[in-house]
Amino acid sequence: MKIKTTFLLLFLTSFFIKMNAQESVYQDGESLKFRIHYGFVTAGYATLDIEEKTLNNKEVFHIKGYGATTGMSKFFFKVEDIYQSYVEKGTDKPLRFIRKIDEGGYTKDIRIDFDHENQKAIINNYKYDKIAIEDFPKNAQDMVSAFYYLRNNLDTKNIKVGHEEDLNMYFDRGVHKFKMKFLGRETLKTTFGKVPCLKFRPYVEAGRVFKEKESLTVWVSDDENKIPIVIKADLAVGSLKATLSEFRGLKHSFKIIVE
């Protein structure tokens, strides 16, 4: 269903890579809210929030993504999704990933703990009361941590149009290849004013949901924050859009063109 796909896309919107670790571009208290709309109709909202915590004696950023349908949309197809990641400070490595979703009665309740030293993923499937241990590649990210890892490591000064990057993401008991292309720079008119953006084309699987593999476009702020401004998906029927509607707690100034 189109609405649930948008929430997944929002948390899968993972775009940026460089080689060396650096100081985080985000911080405790950062909060982003997005309006999800199908045509002129608001279908729901999604949020991404960060909180500093300690997990297994390690300092982490606890990142929580939440998405839900609203208004009339929830009567046609109710969605309530929670995605969480615990990311180790200084290394950008995910230590724990939680996925708890209810999409029109389709549910998942999974926790994955990552043992990076032994490259093992311990998967707790609470819905079926099962535990599994699987291998995962070095430097693999989960569905949420990928976004923040790549935010931290984008070289905006040197990236060139047409440049392609890929990334290993681990979820649902498997490694998934993510690939995207940099399309260039563009200034978008938003409710906040004109925002300089970096434009990306993540590749998706064509078929049931998307018209073709180049059906997804993402605009990210061209500043030190690198936050999503607009996400647009051309679907098999119609199109969906997620736009940044609120933000707070950004570590760096939000770049807006004043005329």
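Along each chain, residue indices are assigned from 1 in the same order as the chain's sequence is written. Local features are withheld for residues below a pLDDT of 70 in this predicted model, meaning they are given only at 70 or higher, and side-chain atom pairs are given and counted only at 80 or more; totals for whole chains, interfaces and linings count all residues. Note that water and hydrogens are dropped before the side-chain values are worked out from all heavy atoms of the structure.

Q: An account of the nonpolar core is requested, with residue identities and associated values reported.
A: One finds Ile112, Tyr148, Phe200 and Ile229 to be the most contacted residues of the largest nonpolar core, which totals 55 residues. The numbering of helices and of strands both runs from the N terminus, where a helix is a DSSP run of H or I of at least 4 residues and a strand a run of E of at least 2. With five residues, the single largest contributor to this core is helix H3 (residues 145-152). Buried residues of nine kinds, namely Ala, Val, Leu, Ile, Met, Phe, Trp, Tyr and Cys, make up a nonpolar core once their side-chain atoms join them within 4.5 Å. In this scheme, a residue with accessible area under 20% of its type's maximum is buried, one over 50% is exposed, and one in between is partly exposed, where area comes from a 1.4 Å probe on protein chains only. If you look at the next biggest cluster of nonpolar residues, it comprises five residues, including Leu55, Val60, Tyr86 and Leu95.

Q: Mind laying out the packing of aromatic side chains, listing which residues take part and the relevant values?
A: The relative placement of two aromatic rings is captured by the distance of their centres and the angle of their planes. Between 30 and 60 degrees the pair is tilted, below 30 it is stacked and above 60 it is edge-to-face, where a pair is any two Phe, Tyr or Trp rings, Trp via its six-membered ring, whose centres lie within 6.5 Å. Counted under the stated rule, the structure contains ten aromatic pairs. Relative to Tyr170, the ring of Phe114 lies with its centre 6.1 Å away and its plane at 85°, an arrangement referred to as edge-to-face. Taken together, the positions of Phe114 in strand S6 (residues 106-115) and Tyr170 in strand S9 (residues 164-170) put the pair 56 residues apart, joining distant regions of the chain. Given a relative accessible area of 8%, Phe114 falls into the buried group. When the ring of Phe192 is compared with that of Phe247, the centres are 5.1 Å apart and the planes differ by 70°; the resulting orientation is edge-to-face. With Phe192 in the loop between strand S10 (175-190) and strand S11 (193-202) and Phe247 in strand S14 (residues 239-248), this residue pair connects regions lying 55 residues apart in the sequence. Put simply, the rings of Tyr26, Phe61, Phe147 and Tyr148 touch in pairs and so form one group of aromatic residues. We count a charge as sitting over a ring when the NZ of a lysine or the CZ of an arginine lies within 6 Å of the ring centre and within 35 degrees of the ring normal. Here the guanidinium or amino end of Lys89 rests over the ring plane of Phe61, the centre of that ring lying 5.1 Å away.

Q: Can you tell me about the side chain of Thr243, naming the residues and giving the values?
A: Checked against the element boundaries, Thr243 lands in strand S14. A relative accessible area of 18% places Thr243 in the buried class.

Q: How would you summarise the environment of Phe97 if you had to cite specific residues and measurements?
A: Following the sequence through the fold, Phe97 ends up in strand S5 (residues 94-103). The class of Phe97 is buried, set by a relative accessible area of 2%. Once the C-alpha coordinates of Phe97 and Phe114 are considered, the two residues, 17 residues apart in sequence, prove to be 8.2 Å apart. The contact criterion used throughout is that any non-hydrogen atoms of two residues lie within 4.5 Å. Those residues within four positions of Phe97 in sequence are excluded, and the remaining contacts are Tyr83, Gln84, Ile110, Arg111, Ile112, Phe114, Asp142, Met143 and Val144.

Q: Any details on the pattern of salt bridges? Residues and values, ideally.
A: In what follows, salt bridge is the name for a side-chain nitrogen of Lys or Arg lying within 4 Å of a carboxyl oxygen of Asp or Glu. Across all of its chains, the model carries ten salt bridges by this definition. For Glu246, the salt bridge is made with Lys33, and the minimal N-O distance between the two is 4.0 Å. Pair noted here: Glu246 is in strand S14 and Lys33 is in strand S1 (residues 31-38), with a separation of 213 residues, a long-range link. Judged by its relative accessible area of 43%, Glu246 is partly exposed. A salt bridge links Lys179 to Glu164; the nearest nitrogen and oxygen atoms lie 3.2 Å apart. Taken together, the residues Lys179 in strand S10 and Glu164 in strand S9 connect sequence positions 15 residues apart.

Q: If you had to explain the confidence of the model for the protein chain to someone new, which residues and values would you point to?
A: What pLDDT conveys is the predictor's confidence in a given residue, as a value from 0 to 100. Within the protein chain, residue pLDDT values average 85, and 85% of them lie at 70 or more. Ignoring residues within four places in sequence, the model shows residues 11-21, a span with pLDDT below 50, making 49 contacts including any to other chains. Within the model, pLDDT remains below 50 along residues 206-212, and this stretch shows 22 contacts once partners closer than five positions in the same chain are excluded.

Q: Let's hear about unusual backbone geometry: which residues, and what values?
A: Despite not being glycine, Asn56 has its phi angle at roughly 55°, a positive value. Structurally, Asn56 is set in the loop between strand S2 (41-55) and strand S3 (58-69). Backbone geometry places Asn57, a non-glycine residue, at a positive phi of 65°. In this structure, Asn57 sits in the loop between S2 and S3. Accessibility expressed as a relative area gives 81% for Asn57, which makes it exposed.

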